[in-house]
Amino acid sequence: MLWYIVRRIVYLIPTLLIVSIIAFVVIQLPPGDFLASLISKAEETVDQAQVDALRERYGLDEPIYVQYWKWISGIVTKGDFGRSFEWDKDVSDLIWERLGLTVVISLLTLAFIWIVAIPIGIYSAVKKYTIGDYVVTVIGFIGLAIPNFLLALVLMYIAFRYFGQSVGGLFSPEYIVADWSIDRVLDLLSHIWLPVVILGTAGTAALIRVMRANLLDELSKLYVDAARARGLSELKLLFKYPVRVALNPLVSAVAWVFPALVSGSAITSIVLNLQTTGPLLYRSLQSQDMYLAGSLILLVSVLTIIGTLVSDILLAWIDPRIQLQ
Amino acid sequence: MQPTHTRLDDPAKTDSQTLLDVKDLKTHFFTDEGVVKAVDGVNLSLKRGETLCVVGESGCGKSVTARSILRIVPNPGQIVSGEINFQQRDGEAIDLARMNPKGREIRKIRGGEISMIFQEPMSSLSPVHTIGSQIMEAILLHLPVSRQEARKRAVSMLDLVGIPRPSEQLDAYSFELSGGMRQRAMIAIALACEPQLLIADEPTTALDVTTQANILDLIRDLQQDSGMAVLFITHDLGVVAEIADEVVVMYLGRDVESGDVDAIFHDAKHPYTRALLQSIPRYDSRENRRLYSIKGTVPHPFARPHGCPFHPRCDDFIAERCNSIDPPRHKLSQSHSVRCLLYSAADEAPPKEDALS
Ligand SMILES: Nc1ncnc2c1ncn2[C@@H]1O[C@H](COP(=O)(O)OP(=O)(O)OP(=O)(O)O)[C@@H](O)[C@H]1O
Ligand SMILES: [Mg+2]
């Protein structure tokens, strides 16, 4: 097991390298460099010495591999992701809190999806073709069919109209720029359930179907009958054997939840005014804020790779068949 | 449902040697397309320590009969009538057909008094649990032992069924074992609590010939040592000749002929039994005879023929009678009975108005 993990981590290094190169290429794709657009946009003439200093810092006159080297070594050694000219701030000042919030929302959403979907999926499979199964199925399909941003608008309306909660965003107005404190965390928790429910609905609906199908497959397997023929009670039997096996594929969901939530949910995040990376990435791409965009793409990719690694390790841990293959 | 307990001194069941007595068992599947009468009137009886072989073509209801005894018939199957009388270790006789299939009482029987091994050793073990966890599960369910003792017993069971390096293999997963080894492991699980009856549903069909022979020998040896009875399901008459004390021949969900192994092999009465015997390949025949095969195929379960279910394929078909009269069980001797109009007197077989329903 340990050997397996080590091997996977070693494999990680070339993957990260390739991902960082791709992210850098994305930065370089538009014509010109960001200094040129900075100068062309600036109202007053820009101090030539300052421009030269920046050119020197990012190696803009040098070959592309030197630029890449400066960029990546800055990130690895100093955590310097470059500068966002649109915000006129260092990228690293912009992204860390948002990235943290994104990870928190992603993990909470994943937990929400599992906690809701797994029991319902089990129920729906065990009670196949009963009223309960049909009800769950219909609700599940509605959940799949409603676009997230619409659900967001509806839930925001309800929360505002009937519960008088300040909706949108992850904080009440007074906490948006406040320093971290217990009160700010509590305020975050009172807001975060809404995006978690909205972002998790479609995933929950999908996972119910997956869980139901997996479990139905497993329930008809011979090893279940064999365990029953040993005298095991129905409930113990259900959880020890078929549910256990049916859960295995769900672990791979850990891998896709990050990219889906970071990039796929940008529209919902904009509607909900979430301070996550989705809207930031969206805007940076629109305004060609390339160091910001590149850094976000890089970090999201790294998160995805880590998610994949975690899910693979989990899978190897719970499914003994994996390691030998 | 309350199981009916019948005391031993019940005059109908004085024979204390009889371990299992299935009477007119009917197990039907109520599917959306209609009712599949998978088992439709099976009788069989098995004495302590004996081996009963159930033979018949694919689809004749052998597995459903076996599952009915353990009450693990899958949905939408149900036992609709009949008795499955079983004599427990404490001497009490119970009717398994009347038990709640999810109840505590039947669970005590499963694995404790009656065990079953299945046709597919490849899929009858959990893919994500060790062999040991599954043997120990059976032991801990039925025997009053600690985990440590259960583990010890599990190791000795693996040793008993001839799995090499048993204490190591205890922690092996099923995918690490060959088909033969998996079936041995299944046997170890089945026998871990010393059941009175082992139901083996074609345990060697999925294995290669050498392994088949090894597994058969193993079952026979274990049976001799423990004195358990074996209900052996197969369609291989060669195996029957080797291991059976008694034989039941099934066709379309019912027993068409039953008797001791000599009666079946040397004095077969039912045309179906004879046809089965003729279709065994023989090495001693000089000429390249074509193998005999029964004409036609097993009818679709929804299209059960009227009268004797075998009549459309029968060479000795009696017009007007076989297609209208449902043949009753006719006792030829103490241990030999047959359901065929060739042997029962006309007055014994009143024509049925509607043989279908
Ligand atoms: N779950 C089910 N639903 C509907 N019909 C079923 C089901 N299981 C079995 N049957 C029907 O019951 C009949 C008997 O099946 P069974 O498995 O007992 O045959 P078998 O004699 O064991 O055959 P084989 O030698 O192929 O194992 C078949 O006609 C089959 O179609
Ligand atoms: Mg079968």
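Check the entry above for the structure.
A brief report on the enclosed structure follows. (Residues numbered from 1 in each chain as written. Chains lettered and ligands numbered in written order. Predicted model: local features only at pLDDT ≥ 70, side-chain atom pairs only at ≥ 80, totals over all residues. Heavy atoms only, no water.)

Some details on the pattern of salt bridges
All names here are of chain B.
Phase 1 of the analysis: Scanning the model with the defined rule gives 27 salt bridges over all chains in all.
Phase 2 of the analysis: Among the ionic pairs, Arg220 bridges to Glu242, the shortest N-O distance being 3.7 Å. Here Arg220, found in helix α7 (residues 209–226), pairs with Glu242, found in helix α8 (residues 237–243); they are 22 residues apart in sequence, far enough to count as distant.
Phase 3 of the analysis: Residue class for Arg220 comes out partly exposed when judged on its relative accessible area of 26%.
Phase 4 of the analysis: The exposure class assigned to Glu242 is partly exposed, which follows from its relative accessible area of 45%.
Phase 5 of the analysis: Of the charged contacts in the structure, one is a salt bridge between Asp255 and Arg339, with a shortest N-O distance of 3.3 Å. Pair noted here: Asp255 is in strand β11 (residues 254–260) and Arg339 is in the segment after β13 (336–338), with a separation of 84 residues, a long-range link. One exposure class covers both Asp255 and Arg339, and it is buried. (Salt bridge = Lys/Arg side-chain N within 4 Å of Asp/Glu carboxyl O. Helix = DSSP H or I, 4+ residues; strand = E, 2+ residues; numbered from the N terminus. Buried < 20%, exposed > 50% of the residue type's maximum accessible area, 1.4 Å probe, protein only.)

Concerning the site of ligand 1
Residue and element names in this part refer to chain B.
Phase 1 of the analysis: Taken together, 16 residues lie around ligand 1, and Ser58, Gly59, Ser63, Val64 and Glu202 are the ones closest in.
Phase 2 of the analysis: Gly61 places a main-chain nitrogen or oxygen 3.1 Å from an oxygen atom of ligand 1.
Phase 3 of the analysis: The backbone of Val64 places a nitrogen or oxygen atom 2.9 Å from an oxygen atom of ligand 1.
Phase 4 of the analysis: Taken by itself ligand 1 offers 640 Å² of open surface, and the protein chains cover 70% of this.
Phase 5 of the analysis: Of all the secondary-structure elements, those providing two or more residues to the shell around ligand 1 are β2 (18–31) and α1 (62–70).
Phase 6 of the analysis: Considering each element in turn, the shell around ligand 1 owes the most residues, 3 residues, to α1.
Phase 7 of the analysis: Of the residues contributing to the shell around ligand 1, the split by class is 5 nonpolar, 8 polar and 3 charged. (Near = heavy atom within 4 Å. Polar contact = N/O pair within 3.5 Å; in protein donor to acceptor, adjacent residues only side chain to side chain. Areas by Shrake-Rupley, 256 points an atom, 1.4 Å probe, with all protein chains shown as cover. Nonpolar A, V, L, I, M, F, W, Y, C, P; charged D, E, K, R; others polar.)

Quick notes on the pairing of β11(B)
Across a regular strand the side chains alternate sides, sitting on one face of the sheet and then on the other.
Residues and elements named next belong to chain B.
Phase 1 of the analysis: The element β11 is extensively covered by neighbouring structure, given that 6 of its 7 residues are classed as buried.
Phase 2 of the analysis: In this structure, strand β10 (residues 246–251) lies alongside β11, joined through 6 bridges in antiparallel fashion. For Glu246, the partnering residue across the bridge sits in β11 and is Asp260.
Phase 3 of the analysis: Hairpin connection, β10 to β11: the antiparallel pair is bridged by 2 residues, and Leu252 has positive phi, about 45 degrees. (Pairing = 2+ DSSP bridges.)

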